[in-house]
Amino acid sequence: MWKELLFDLQKELDVLNLWYKKNYSSYFNQTQKVFNLTSLKSKLKKKQKIIKYIFAEEKVYAFTISKDETQLYFISDKKELSHKLKALINSLTNQGSTDFKVHAQSIYQLLLPPQILEKSNKDQLIFILDDLLHYVPMEILVSNNGTYLIESHAVSYAPSLLL
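Residues numbered from 1 in each chain as written. Predicted model: local features only at pLDDT ≥ 70, side-chain atom pairs only at ≥ 80, totals over all residues. Heavy atoms only, no water.

Locating Lys41 in the fold gives a position in helix H3 (residues 37-43). Of the side chains bearing the opposite charge, Asp68 lies closest to the buried Lys41, which forms no salt bridge; the N-O distance is 7.6 Å. With near-sequence residues (within four places) excluded, Lys41 lies in contact with Ile65, Ser66, Lys67, Asp68, Glu69 and Thr70. (Helix = DSSP H or I, 4+ residues; strand = E, 2+ residues; numbered from the N terminus. Buried < 20%, exposed > 50% of the residue type's maximum accessible area, 1.4 Å probe, protein only. Lys, Arg positive; Asp, Glu negative; His and termini not counted. Salt bridge = Lys/Arg side-chain N within 4 Å of Asp/Glu carboxyl O. Contact = heavy atoms within 4.5 Å.)

Soluble globular proteins tend to pack their nonpolar side chains together in the buried interior. Formed by 32 residues in total, the largest nonpolar core has its most connected members in Tyr53, Leu111, Leu112 and Phe127. Those elements giving two or more residues to this core turn out to be strand S1 (48-55), strand S2 (59-66), strand S3 (70-77), helix H4 (78-93), helix H5 (100-111), helix H6 (114-117) and strand S4 (124-128). A per-element tally of this core places H5 first, with 6 residues. Residue contacts for Phe127: discarding those within four places in its chain leaves Ile51, Tyr53, Leu112, Met138, Leu149, Val155, Ser156, Tyr157 and Ala158. If you look at the next biggest cluster of nonpolar residues, it comprises 8 residues, including Leu44, Ile65, Ile128 and Ala158. (Core = buried A, V, L, I, M, F, W, Y, C linked by side-chain atoms within 4.5 Å.)

Our next topic: the side chain of His153. Within the element layout of this structure, His153 appears in the loop between helix H7 (149-152) and strand S5 (154-157). Within the structure, the side chain of His153 is placed 2.8 Å from the side chain of Ser152, a separation counted as a polar contact. (Polar contact = N/O pair within 3.5 Å; in protein donor to acceptor, adjacent residues only side chain to side chain.)

Our focus in this paragraph is the pairing of S2. Both S1 and S2 contribute to a ladder of 7 bridges, which runs antiparallel. The partner of Lys49 across the bridge, within S2, is Ser66. Sheet topology note: the S2/S3 ladder contains 7 bridges and is antiparallel. Its bridge partner lying in S3, Phe63 is registered against Leu72. Linking S2 to S3, which pair antiparallel, is a turn of 3 residues. (Pairing = 2+ DSSP bridges.)

Okay, structure coming up:
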């Protein structure tokens, strides 16, 4: 009896999935794809690096993925980074703000430490952002020598590792 019920429910689920696939293919593809790191790495060009930020409960991490390697880095305490990001966002939205570069440099130092940027010769950065980072254009971050990130790296964005 239970096997029959389970079989019937599985058939209903299969019919529903086919309906979603036919009528909402974009949604279906995003929810049904399985992430494959090897496949992703094979699609990257030699000079590309993906930087995916993850805001966990109390900490912030960054995954870096290139054709050759995958690394996980601790970035900051979530509270500290969120406070600094809010200051940068406020300086961007306040036309009279004069401390934008100070905030942009502070965020650069946290989000893009030497072990992430200078470890390799990757000059095409693909960012996958999380939480408050969605409000920060990465191009405007300022390095220690005063240059904007966009002056030294091509910057692009992806909504997730699946797309």
